[in-house]
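Descriptive analysis of the structure
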Amino acid sequence: MPTEIRHIIFTNEEVIRAVVDYHRRAGNPLPSGSIIRLEVQTEPQVRCALHIGADDGTRQVSWIDNPTLAACLIFYCINQRIPLPTKSAKQLHMMNEKVTLVVHKNAQTDRGGARVA
C-alpha cells in the first residue's frame, strides 16, 4: 500500500505566531511582553521555549512541550488553509534547523487515526 509523507517546514516567525495564536484562542495567553527569541530543543522530543522580555526589564521563559507545539502548528495550518489529512500520523522533527511537521498517511493510519509523538 502506498504511503504519503509530507513535510511542512515552519519559519521561526511562523512557530511564534502559531504558539501565540493558539494560547490566546485557548484562553491561556502567554506572559505579557515582547518575544525576544525562540529556542528549539530536539531531545528527547522537539519542544520550544519562548524567551519573553517584560516591559519592566525582566525576562521569562515559557516552554511549549511536544504535544502542545504540535497542536499549535496543526491549528496554524488549519487557519492558513494548509490542507492536512485528519486521519494521519503527525510528528515533529527538525529539518534544515526548522521545526517541521511530518505527516504520514497510509492505510494503517487511515484506520488508526492520528498520532502525535
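Use the structure listed above.
Residues numbered from 1 in each chain as written. Predicted model: local features only at pLDDT ≥ 70, side-chain atom pairs only at ≥ 80, totals over all residues. Heavy atoms only, no water.

For the rest of this paragraph, the subject is the overall build of the protein. Tallying secondary structure elements over the protein gives 3 helices and 7 strands in all. Traced from its N-terminal end to its C-terminal end, the protein shows the element sequence β-α-β-β-β-α-β-β-α-β. Each of the three principal axes of the protein carries a C-alpha extent, and together these read 60 × 25 × 20 Å. The proportion of buried residues among the 117 residues of the protein is 33%. Taking the intrachain contacts of the protein between residues at least 6 apart in sequence as the baseline, contacts between residues at least 24 apart amount to 48%. In the form shown here, the protein has an accessible surface area of approximately 7,100 Å², with 48% of it arising from carbon and sulfur atoms. (Helix = DSSP H or I, 4+ residues; strand = E, 2+ residues; numbered from the N terminus. Buried < 20%, exposed > 50% of the residue type's maximum accessible area, 1.4 Å probe, protein only. Contact = heavy atoms within 4.5 Å. Areas by Shrake-Rupley, 256 points an atom, 1.4 Å probe, with all protein chains shown as cover.)

Under the defined criterion, the tally for this structure stands at 2 aromatic pairs. Judged by centre distance (6.1 Å) and plane angle (70°), the ring pair of Phe 10 and Tyr 76 falls under edge-to-face. Linking Phe 10 in strand S1 (residues 4–10) with Tyr 76 in helix H2 (residues 66–79), this pair joins segments that are 66 residues apart in sequence. Judged by its relative accessible area of 2%, Phe 10 falls in the buried class. Ring geometry for Tyr 22 against Phe 75: centres 6.1 Å apart, planes inclined by 75°, an arrangement best described as edge-to-face. Here Phe 75 lies in helix H2 and Tyr 22 lies in helix H1 (residues 12–25), a separation of 53 residues in the sequence. Residue Tyr 22 is classed as partly exposed on the basis of its relative accessible area of 26%. Above the ring of Trp 63, the side-chain terminus of Arg 47 is found at 4.0 Å from the ring centroid. (Phe/Tyr/Trp six-rings, centres within 6.5 Å; stacked < 30°, edge-to-face > 60°. Lys NZ or Arg CZ within 6 Å of the ring centre and 35° of its normal.)

Right, let's get into the nonpolar core. In this structure, Phe 10, Val 15, Val 19, Leu 69, Leu 73, Leu 92 and Leu 101 are the most contacted members of the largest nonpolar core, which totals 23 residues. Sorting the residues of this core by element identifies S1, H1, strand S3 (47–53), H2 and strand S6 (98–105) as the ones contributing at least two each. In terms of residue count, the dominant contributor to this core is H2 (7 residues). Residue contacts for Leu 69: discarding those within four places in its chain leaves Val 15, Val 19, Val 46, Arg 47, Cys 48, Ile 64 and Leu 92. (Core = buried A, V, L, I, M, F, W, Y, C linked by side-chain atoms within 4.5 Å.)

It is worth spelling out the sheet that holds strand S4 (residues 59–64) at this point. Here 3 strands make up an open sheet; going across it, the order is S2-S3-S4 and the pairing antiparallel. A strand with exactly one partner marks an edge of an open sheet, and here the two such strands are strand S2 (34–41) and S4. The sheet shows a mean angle of 20° between the axes of neighbouring strands, direction not considered. Here S3 runs beside S4; their pairing, made up of 6 bridges, is antiparallel. Paired with His 51 across the strands is Val 61, a residue of S4. (Pairing = 2+ DSSP bridges. Axes fitted to C-alpha atoms, helices over the stretch in contact; angles between N-to-C directions.)

All right, on to the environment of Met 94 then. Inspection of the secondary structure puts Met 94 in strand S5 (residues 89–95). Remark: the alpha-carbon pair of Met 94 and Thr 42, spanning 52 residues in sequence, is separated by 7.4 Å. Among all residues touching Met 94, those that are not within four sequence positions of it are Val 40, Thr 42, Val 46, Val 99 and Thr 100.

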